[in-house]
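Observations on the three-dimensional arrangement
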Amino acid sequence: MNSYRKTALIVGILFIIGDLAGISSGLIKAPLSADASFPLNIAGNESQWILSSILILIMGFPLAMIPVVLYPIFKKQNEVLAQGAVLFRGVLEAACYMAMTVCFLMIATVAKSNMDISTMQLLVAQFNGTNKWIELILAIVFSIGSFMISTLLYQMRLIPRWLSGWGLIGAALYFIAPFISLISP
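Definitions and limits used
- Residues numbered from 1 in each chain as written.
- Predicted model: local features only at pLDDT ≥ 70, side-chain atom pairs only at ≥ 80, totals over all residues.
- Heavy atoms only, no water.
- Helix = DSSP H or I, 4+ residues; strand = E, 2+ residues; numbered from the N terminus.
- Buried < 20%, exposed > 50% of the residue type's maximum accessible area, 1.4 Å probe, protein only.
- Contact = heavy atoms within 4.5 Å.
- Areas by Shrake-Rupley, 256 points an atom, 1.4 Å probe, with all protein chains shown as cover.
- Lys, Arg positive; Asp, Glu negative; His and termini not counted.
- Charge placed at Lys NZ, Arg CZ, Asp CG, Glu CD.
- Core = buried A, V, L, I, M, F, W, Y, C linked by side-chain atoms within 4.5 Å.
- Phe/Tyr/Trp six-rings, centres within 6.5 Å; stacked < 30°, edge-to-face > 60°.
- Lys NZ or Arg CZ within 6 Å of the ring centre and 35° of its normal.
- Expected span 1.5 Å × (residues − 1).
- Axes fitted to C-alpha atoms, helices over the stretch in contact; angles between N-to-C directions.
- Left-handed = near helix turned anticlockwise from the far one by under 90°.
- Nonpolar A, V, L, I, M, F, W, Y, C, P; charged D, E, K, R; others polar.
- Salt bridge = Lys/Arg side-chain N within 4 Å of Asp/Glu carboxyl O.

Scanning the chain for helices and strands turns up six helices and zero strands. Order of helices (α) and strands (β) in the chain, N terminus to C terminus: α-α-α-α-α-α. For the C-alpha atoms alone, the extent of the chain along its principal axes is close to 60 × 40 × 25 Å. The burial tally for the chain puts 38% of its 185 residues in the buried class. Considering only contacts in the chain between residues 6 or more positions apart, those separated by 24 or more positions represent 74%. Carbon and sulfur atoms provide 72% of the accessible area of the chain, an area that totals close to 10300 Å². Separation between the mean location of the 10 positive side-chain charges and that of the 7 negative ones in the chain comes to 19 Å.

This is the structure:
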């Protein structure tokens, strides 16, 4: 198996692991977050909440490894863009996923504490608010890294140019979205 094919297989496996973990996290967390008794219901469902939080890391790390695996191929075309992709889609994206996980684990810690309900709800609201900001930062970091990867794919013609072109358009639109959400009421 040639090295590009082997790299493509590894990237595909990382992508599938990341997507399955992310979907699983959402499926576990959504009913708990949407429950009318949230955050009081977290103490009784702590293992589910923690599993969902850990699945964010299981999602984030394989996805953050994709530009690292692609780096040896990409650096042949443009080493600066390849390093930028590793920085944004690797390091910074992984840091955002870790910060999100910490916020969710702090919600579990607060939910099982003996504090009064109003204080608990206030703290959970703060952690959820922090998580919203992390999601905005993640969207910006992700889109910058994706733009770099799509540019490299476009230049190298490793995939059809129309597909990497769509990646460039998608990255640009995804970059704009967090700013629109900031200014919209």
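This part covers the nonpolar core. Ranked by size, the top nonpolar core spans 39 residues in total, and within it Ile42, Trp49, Phe74, Tyr97 and Ile107 carry the most contacts. Broken down by element, the residue count for this core peaks at 13 residues, all from helix 4 (residues 79-111). Excluding anything up to four places from it in sequence, Trp49 contacts Lys29, Leu32, Ser33, Phe38, Ile42, Phe104, Ile107 and Ala108.

As enumerated under the stated definition, the model contains four aromatic pairs in all. Consider the rings of Trp49 and Phe104, whose centres lie 5.8 Å apart with planes at 80°: the pair is edge-to-face. Remark: Phe104 occurs in helix 4 and Trp49 occurs in helix 3 (residues 46-74); sequence separation between them is 55 residues. Across the pair, Phe104 and Trp49 agree in class, each one buried. One cation-aromatic arrangement involves Lys29 over Trp49; the distance from NZ or CZ to the ring centre is 5.0 Å. Over the ring of Tyr154 we find Arg161, and its NZ or CZ is 4.0 Å from the ring centre.

Let us look at helix 6 (residues 161-183). Taking 1.5 Å of rise per residue, the 23 residues of helix 6 would be expected to cover 33 Å, and the 34 Å separating its terminal C-alpha atoms lies within 8% of that figure. Where helix 6 is buried, its residues touch helix 5 (117-156).

Turning our attention to the packing of helix 3 against helix 5. Closest axis-to-axis distance for the helix 3/helix 5 pair is 12 Å, and the angle between their directions is 35°. For the pair helix 3 and helix 5, the sense of crossing is left-handed. Residue-level inspection shows Pro67, Ile73 and Phe74 of helix 3 in contact with helix 5, the latter providing Ile149, Leu152, Leu153 and Met156. In terms of residue class, the contact of helix 3 with helix 5 is built from seven nonpolar, no polar and no charged.

So, on to the pattern of salt bridges. Counted by the stated rule, this structure contains two salt bridges. Between Glu46 and Lys112 there is a salt bridge; the shortest N-O distance is 3.2 Å. Of this pair, Glu46 sits in helix 3 while Lys112 sits in the loop between helix 4 and helix 5, placing them 66 residues apart in sequence. Glu46 sits in the partly exposed class, given a relative accessible area of 23%. The partner of Arg89 in a salt bridge is Glu93, and the shortest N-O contact between them spans 2.6 Å. Here Glu93 and Arg89 lie together in helix 4, a separation of four residues that amounts to about one turn. Accessibility classification places Arg89 together with Glu93 in one group, the buried group.

So, on to the environment of Phe127. With respect to the element layout, Phe127 can be found in helix 5. Sequence separation of Phe127 and Thr7 is 120 residues, and the distance between their C-alpha atoms is 38 Å.

Further remarks concern unusual backbone geometry. Here the residue pair Phe38 and Pro39 is connected by a cis peptide bond, since its omega of 10° sits within 30 degrees of zero. With respect to the secondary-structure elements, Pro39 resides in the loop between helix 1 (3-34) and helix 2 (40-44). If you check the backbone angles, Arg157 has positive phi at about 60° while not being a glycine. Along the chain, Arg157 turns up in the loop between helix 5 and helix 6.

These figures come from the coordinates and say nothing about function on their own.
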